[in-house]
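# Fold and contact review
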Amino acid sequence: MSRSARRARTTPERSDDAGRCTVTICRGCCCGSPAKIPHLDHEAQFTSLHRALQGVARIRRTSCLDACDEANVMVIQPSAEGRRAGGRPVWLGHVNDPDAAADITAWVDNGGPGLADPPGVIDLYLFQPSRRVRHELEG
């Protein structure tokens, strides 16, 4: 998918959210697909994360992050303060159970990358996407 098409399907950012982390949740061809991950209510997962992080982080739903082997994928981007403190975007894959979403929510609620140490369980979900994919999301 092209960068312009991906941006067009992403929820727009608001200026009052500038001091918050951004949580990008993939809901493309594989992420969010009952055919690929049948045991998860994908819409309920998105709704739960959105409610839990409302007022704490920007939540963006995107159509595809080009990391289909890692479905469901989320990217936690640091706030401006978190980035100044050394935080960098964190790519998480296989986020397919409620406990993982709860751990991610707690971490972001505490400040996210650069400001709070992630819970140890986050290590199970970390992965490194290709430079091209990272550049398209972060650029």
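Reading the values: the criteria
Residues numbered from 1 in each chain as written. Predicted model: local features only at pLDDT ≥ 70, side-chain atom pairs only at ≥ 80, totals over all residues. Heavy atoms only, no water. Helix = DSSP H or I, 4+ residues; strand = E, 2+ residues; numbered from the N terminus. Buried < 20%, exposed > 50% of the residue type's maximum accessible area, 1.4 Å probe, protein only. pLDDT = per-residue confidence, 0-100. Contact = heavy atoms within 4.5 Å. Pairing = 2+ DSSP bridges. Right-handed = clockwise from strand over helix to strand, strands pointing away.

Looking at where D117 falls in the secondary structure, it is placed in the loop between α4 (98-109) and α5 (131-138). Judged by relative accessible area, D117 falls into the exposed class, the value being 72%. Placed ten residues apart in sequence, D117 and W107 show a C-alpha to C-alpha distance of 7.4 Å.

Time to look at the confidence of the model for the protein. On average, the protein scores 84 in pLDDT, and the residues at 70 or more come to 85%. Throughout residues 1-15 the model reports pLDDT below 50, and contacts reaching past four residues in sequence, or to other chains, amount to 25 contacts.

Counted residue by residue, strand β2 (residues 57-62) has five buried out of six residues, so it is predominantly covered. Summarising the sheet, strand β1 (residues 21-26) and β2 pair through six bridges and their orientation is parallel. Bridge pairing in β2 links V23 to I59. Handedness of the crossover is the feature at issue here: the chain leaves β1, passes through helix α2 (residues 42-53), returns alongside β2, and the resulting connection is right-handed.

To continue, consider the pairing of β1. A large share of β1 lies buried, amounting to six of its six residues. Burial along β1 is two-sided: C21, V23 and I25 facing one way and T22, T24 and C26 facing the other are all buried.

Mapped onto the elements, D99 comes out in helix α4. On a C-alpha basis, the gap between D99 and V121 in space is 9.6 Å, while along the polypeptide they are 22 residues apart.

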